[in-house]
Amino acid sequence: MAITQLIERNGTEQDNEGLTNEYKELVCSLPKERGWRTQNLYLYQGFWCQPNEIQATMSAQKHFQAHDSDLMVVSVPKSGTTWLKALTFAIMNREKYDVAKSHPLHFSNPHELVPFLEYKLYADNKIPDLSHIPRPRLLATHIPLGSLPGSIRSSKCKMVYICRNPFDTFVSAWHFINKIRPASYGPLGIEDAFNMYCRGVVGFGPYWDHMLGYWYESLTKPDKVLFLKYEDMKENPDYYIKKLALFLGWPFTLQEEKTGVVQEIGNLCSFKNLRDLEVNKKGKGAIADFENKNLFRKADVGDWVNHFTPMMVQRLAHIMEEKLSGSGLSFKVV
Ligand code: A3P
């Protein structure tokens with residue numbers, strides 16, 4: 001057997017570790033492309049994902065029952081999920097915990113407090129008992145709109161969605177993947193990664209379909225989906241913290257606004273504060289098996305200028321123009 005075939009075969013086997021036979025068969029029947037973190041990504045229901053994500057998504061589709069009071073944090077990977085989880089948790093629980101004292105965000109990574117359906121609850125072929133989670137439940141997912149468990153869309157459960165300009169999202173994803181990729185795969189070059197990204201071959205991509213799905217849903221159902229952009233939130237955090245609280249059903253009182261509760265939550269969830277906490281410097285396993293510190297890099301808007309060549313700018317700008325034109329969705333890029 002040729003060495004490339006051997007690597008290919010071993011890689012696929014490694015990707016499929018932990019899958020039941022039923023899922024292995026399904027995964028093997030799907031279109032595949034070279035992956036970022038795993039050997040391959042597979043096209044499942046029109047989006048690209050890792051085999052374990054397919055198994056978990058299918059399990060969630062089959063078993064997850066949304067309640068009207070549920071709140072879901074939904075995002076494109078690397079677009080500010082950690083931040084939005086922290087903010088949502090802090091807003092909802094502000095009467096329960098004192099920010100200045102022993103707040104759970106001081107000791108737990110936001111991903112532990114707001115678990116993903118696909119990486120935690122339904123991972124590893126689990127069918128979890130969610131009855132012990134106090135309501136309203138605060139959960140999260142990267143699953144595209146069209147593949148969500150049906151009850152999320154049919155119930156009154158609300159979704160807060162965050163995305164980010166694709167230039168910075170790409171840079172963030174590329175750095176992140178190189179930190180958590182198995183050493184045996186070697187580093188993923190920026191050109192290779194960029195080619196895959198431009199073709200939409202990236203976890204839960206194509207990202208333009210992901211964003212547009214939730215974008216249109218937020219336009220037709222503004223009470224159900226709040227659509228947020230990372231850049232806007234960075235520019236005016238207080239405004240968006242208030243908007244988020246109102247949407248979630250926990251609006252700030254005038255008294256709270258006067259006494260600086262909005263800013264207190266903003267500071268608690270700020271990049272610098274979260275990054276410097278012991279749990280986020282030394283902890284591990286908040287999402288999968290990697291170190292929590294990898295979730296915090298620079299949090300700058302416009303870092304792409306340090307990585308993109310003029311050709312890359314032109315290519316991605318063209319893709320954005322083509323994919324988003326007429327939708328009303330656009331991004332600030334610097
Ligand atoms: P950079 O790689 O550009 O620094 P996600 O949480 O969806 O994985 O997104 C990761 C990106 O959000 C990273 O961007 C990370 O640094 C940034 N980030 C993490 N915590 C943040 C916070 N509290 N506020 C703003 N950005 C944050």
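So, how was this worked out
Residues numbered from 1 in each chain as written. Predicted model: local features only at pLDDT ≥ 70, side-chain atom pairs only at ≥ 80, totals over all residues. Heavy atoms only, no water. UniProt positions renumbered as here; feature names shortened; annotations may be inferred. Helix = DSSP H or I, 4+ residues; strand = E, 2+ residues; numbered from the N terminus. Expected span 1.5 Å × (residues − 1). Buried < 20%, exposed > 50% of the residue type's maximum accessible area, 1.4 Å probe, protein only. Near = heavy atom within 4 Å. Polar contact = N/O pair within 3.5 Å; in protein donor to acceptor, adjacent residues only side chain to side chain. Areas by Shrake-Rupley, 256 points an atom, 1.4 Å probe, with all protein chains shown as cover. Phe/Tyr/Trp six-rings, centres within 6.5 Å; stacked < 30°, edge-to-face > 60°. Pairing = 2+ DSSP bridges. Axes fitted to C-alpha atoms, helices over the stretch in contact; angles between N-to-C directions. Contact = heavy atoms within 4.5 Å. Parallel < 35°, antiparallel > 145°, perpendicular 65-115°, else oblique. Nonpolar A, V, L, I, M, F, W, Y, C, P; charged D, E, K, R; others polar.

Looking at an unreviewed UniProt entry, one finds the protein chain named Sulfotransferase, with Lithospermum erythrorhizon as its source organism. The UniProt entry for the protein chain carries the following text under Sequence similarities (unreviewed entry): "Belongs to the sulfotransferase 1 family."

K.L.:
For this particular structure, what's the right way to read helix 3 (residues 51–63)?
P.N.:
Think of an α-helix as 3.6 residues a turn; residues three or four steps apart then line up on the same face. With 13 residues, helix 3 ought to run about 18 Å at 1.5 Å a step, and its terminal C-alpha atoms sit 18 Å apart, in line with that. Of all the residues in helix 3, the buried ones are Pro51, Glu53, Ile54, Gln55, Ala56, Thr57, Ser59 and Ala60.

K.L.:
Teacher, can you tell me more about the site of the ligand here?
P.N.:
Neighbouring the ligand are 18 residues, the closest being Thr81, Thr82, Ser172, Lys298 and Ala299. Between a nitrogen atom of the ligand and a side-chain N or O atom of Tyr230, the distance comes to 2.8 Å. Within the complex, 97% of the 570 Å² of free accessible area of the ligand lies under protein. Of all the elements in the fold, those that place two or more residues in the shell around the ligand are helix 4 (81–92) and helix 16 (271–275).

K.L.:
Looking at this structure, I do not really get the packing of aromatic side chains. What am I missing?
P.N.:
Counted according to the given criterion, the structure contains 22 aromatic pairs. When the ring of Phe116 is compared with that of Tyr119, the centres are 5.1 Å apart and the planes differ by 85°; the resulting orientation is edge-to-face. The exposure class of Phe116 is buried, given its relative accessible area of 2%. Classification of Tyr119 by relative accessible area gives partly exposed; the value is 22%. Put simply, the rings of Trp36, Phe167, Phe170, Phe194, Tyr197, Tyr207, Trp208, Trp304 and Phe308 touch in pairs and so form one group of aromatic residues.

K.L.:
Is there a simple way to think about the sheet that holds strand 2 (residues 40–44) in this case?
P.N.:
On the basis of which strands lie adjacent, the open sheet formed by three strands has the order 1-2-3 and antiparallel pairing. Both outer strands of the open sheet, strand 1 (32–34) and strand 3 (47–49), are each paired with one neighbouring strand and no more. Within this sheet the neighbouring strands show an average axis-to-axis angle of 30°, counted without direction. Pairing analysis gives three bridges linking strand 2 to strand 3, with the strands arranged antiparallel. Bridge assignment links Tyr42 to a residue of strand 3, and that residue is Cys49. Contacting strand 2 and strand 3, helix 3 runs over the sheet at an angle of about 30° to strand 2.

K.L.:
I'm lost on the UniProt feature "domain: Sulfotransferase" (unreviewed entry) in the protein chain in this one. Help?
P.N.:
Under the feature "domain: Sulfotransferase" (unreviewed entry), the UniProt entry names residues 68–328. The span residues 68–328 is 48% helical and 8% strand by assignment, and the distance between its end C-alpha atoms comes to 29 Å.

K.L.:
Even after reading the chapter, I still don't get the environment of Cys28, so can you show me in this structure?
P.N.:
With respect to the helices and strands, the residue Cys28 is situated in helix 2 (residues 21–28). Classification of Cys28 by relative accessible area gives exposed; the value is 56%. When the C-alpha positions of Cys28 and Gln61 are compared, they lie 20 Å apart, and in sequence the two are 33 residues distant.

K.L.:
What am I meant to see in the side chain of Ser79 here?
P.N.:
Relative to the helices and strands, Ser79 is located in the loop between strand 4 (71–75) and helix 4. Ignoring any residue separated from it by four or fewer positions in sequence, one finds Ser79 in contact with Ile162, Cys163, Arg164 and Tyr230.

K.L.:
What is the right way to read the packing of helix 13 (residues 237–248) against helix 15 (residues 261–268) from this model?
P.N.:
Orientation of helix 13 relative to helix 15, taken along the N-to-C sense of each, is 105°, at an axis distance of 10 Å. With respect to their mutual orientation, helix 13 and helix 15 come out roughly perpendicular. Note on element contacts: helix 15 touches helix 13 through Val262, Gln263, Ile265 and Gly266, opposite Asp238, Ile241 and Lys242. Partitioned by chemical class, the residues of the contact of helix 13 with helix 15 number three nonpolar, two polar and two charged.

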